[in-house]
Amino acid sequence: MLRSTGIGDEAADRCADANGEGAGSRNDSHRADDRLAVESAAGLWHARIVVSATGTWWRPYVPYYPGIRDFRGEQVHTAGYRGPEPFRGRRVLVVGGGNSAAQILADLSRVTEVAWAASRPPRLMPDELDGRAVFALTARRYRAVLAGRDPGDIPDLGDIIAVPPVREARDRGVLKAEPMFTRITPDGVTWSDGSAAAFDAIVWGTGFRPALHHLAPLRLRGPGGVIATEGTRVLAEPRLHLHGYGDWTGPASDTLIGAGHNARHLAAEIVTQLRSGPPRRRPA
């Protein structure tokens, strides 16, 4: 957890709880002169630059729907999905419109009855596009937005990479998504038109949220809970960089390809920052 020296330990913990970030982390940091003091169970470090790269995997996101706590079947997020066998012979609903949902649907469709619900019709990218090509397009759009240009001339080719298992499922005709339901019942879900379906399990492919609880005492979040950044650098605390949390900290930085690409730029920026002396804080 990152702490300012102006807040005592007990008060900082209360602040973290009030912000909904949780307490109990053993990683603490203090502002001291031109360095950040990072405190953890392994010791104390003083650093002119700190890179927070805790990612998103520790915070799987499941949206709230009325009745979600009443469902009698199994609910699992994609973070806890280990394969199709535990679901064999069960009626499964996969929720979400991204890559994970499509790939898990393809996986499950070989062993059991499965349905798909998404907030908008999922769009598969052209078969010839792989992850690197998609990253290149994402990076172009990101740079255009940073430069204040309209990214409209950069094509938006879809939401889901057509990896071989997804293409095979598409060819079998199983990649058919229903609109999002409006309520979860003890035995399944219902839609706004009154129709209903029964399921034994729900797999949530609804993404992740950044794991940033350790930053709560610095009070860096602005309107909407967003930490303002320029590239990876936090505007309100320029000695702090955020890496690997999604497009707002670099194009596709929460993917394997994007993380490596952005890390190289981050390293170069840190070298420049260290050579230029202590940075000035800017309003978020």
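Scroll up to find the structure.
A quick note: this is a predicted structure, and the numbers were derived from the prediction, not measured.

Participant: For this particular structure, what's the right way to read the sheet that holds strand 10 (residues 188–190)?
Facilitator: The pairing of strands in a sheet comes from backbone hydrogen bonds and takes either a parallel or an antiparallel form. Taking strand neighbours across the sheet as the criterion, the three strands line up as 9-10-11 in an open arrangement whose pairing is antiparallel. A single partner strand is all that each edge strand has here, and the edge strands are strand 9 (183–185) and strand 11 (196–198). If you compare each strand with its neighbour and ignore which way they point, the axes differ by 20° on average. Bridging between strand 10 and strand 11 involves three bridges; their strand directions are antiparallel. Bridging across to strand 11, Val189 finds its partner in Ala197.

Participant: Can you walk me through the nonpolar core in this structure?
Facilitator: Counting 18 residues, the largest nonpolar core has Phe87, Val92, Val94, Leu108, Trp116 and Val203 as its most contacted members. At the level of secondary structure, the elements contributing two or more residues to this core comprise strand 6 (92–95), helix 2 (99–108), helix 4 (164–172) and strand 12 (201–204). With six residues, the top contributor of residues to this core is helix 2.

Participant: How do you make sense of the pairing of strand 6 when you look at a structure like this?
Facilitator: On a regular strand, each side chain points to the face opposite its neighbour's, so the side chains alternate between the two faces of the sheet. On strand 6, burial covers both faces: Val92 and Val94 on one face and Leu93 and Val95 on the other are all buried. Where strand 6 lies against strand 7 (residues 114–117), four bridges are found, and the strand directions are parallel. Paired with Leu93 across the bridge in strand 7 is Ala115. Between strand 6 and its parallel partner strand 7, the chain crosses via helix 2, and the hand of that crossover is right-handed. Pairing of strand 6 with strand 12, which is carried by four bridges, proceeds in the parallel orientation. In the strand pairing of strand 12, Val94 is matched with Val203.

Participant: Is there a simple way to explain unusual backbone geometry in this structure?
Facilitator: Leaving glycine aside, a negative phi is the common case for residues, and trans is the common case for peptide bonds. If you check the backbone angles, Arg219 has positive phi at about 55° while not being a glycine. Inspection of the secondary structure assignment puts Arg219 in the loop between strand 12 and strand 13 (229–230). For Arg219, a relative accessible area of 60% puts it in the exposed group.

The rules we used
- Residues numbered from 1 in each chain as written.
- Predicted model: local features only at pLDDT ≥ 70, side-chain atom pairs only at ≥ 80, totals over all residues.
- Heavy atoms only, no water.
- Pairing = 2+ DSSP bridges.
- Helix = DSSP H or I, 4+ residues; strand = E, 2+ residues; numbered from the N terminus.
- Axes fitted to C-alpha atoms, helices over the stretch in contact; angles between N-to-C directions.
- Core = buried A, V, L, I, M, F, W, Y, C linked by side-chain atoms within 4.5 Å.
- Buried < 20%, exposed > 50% of the residue type's maximum accessible area, 1.4 Å probe, protein only.
- Right-handed = clockwise from strand over helix to strand, strands pointing away.

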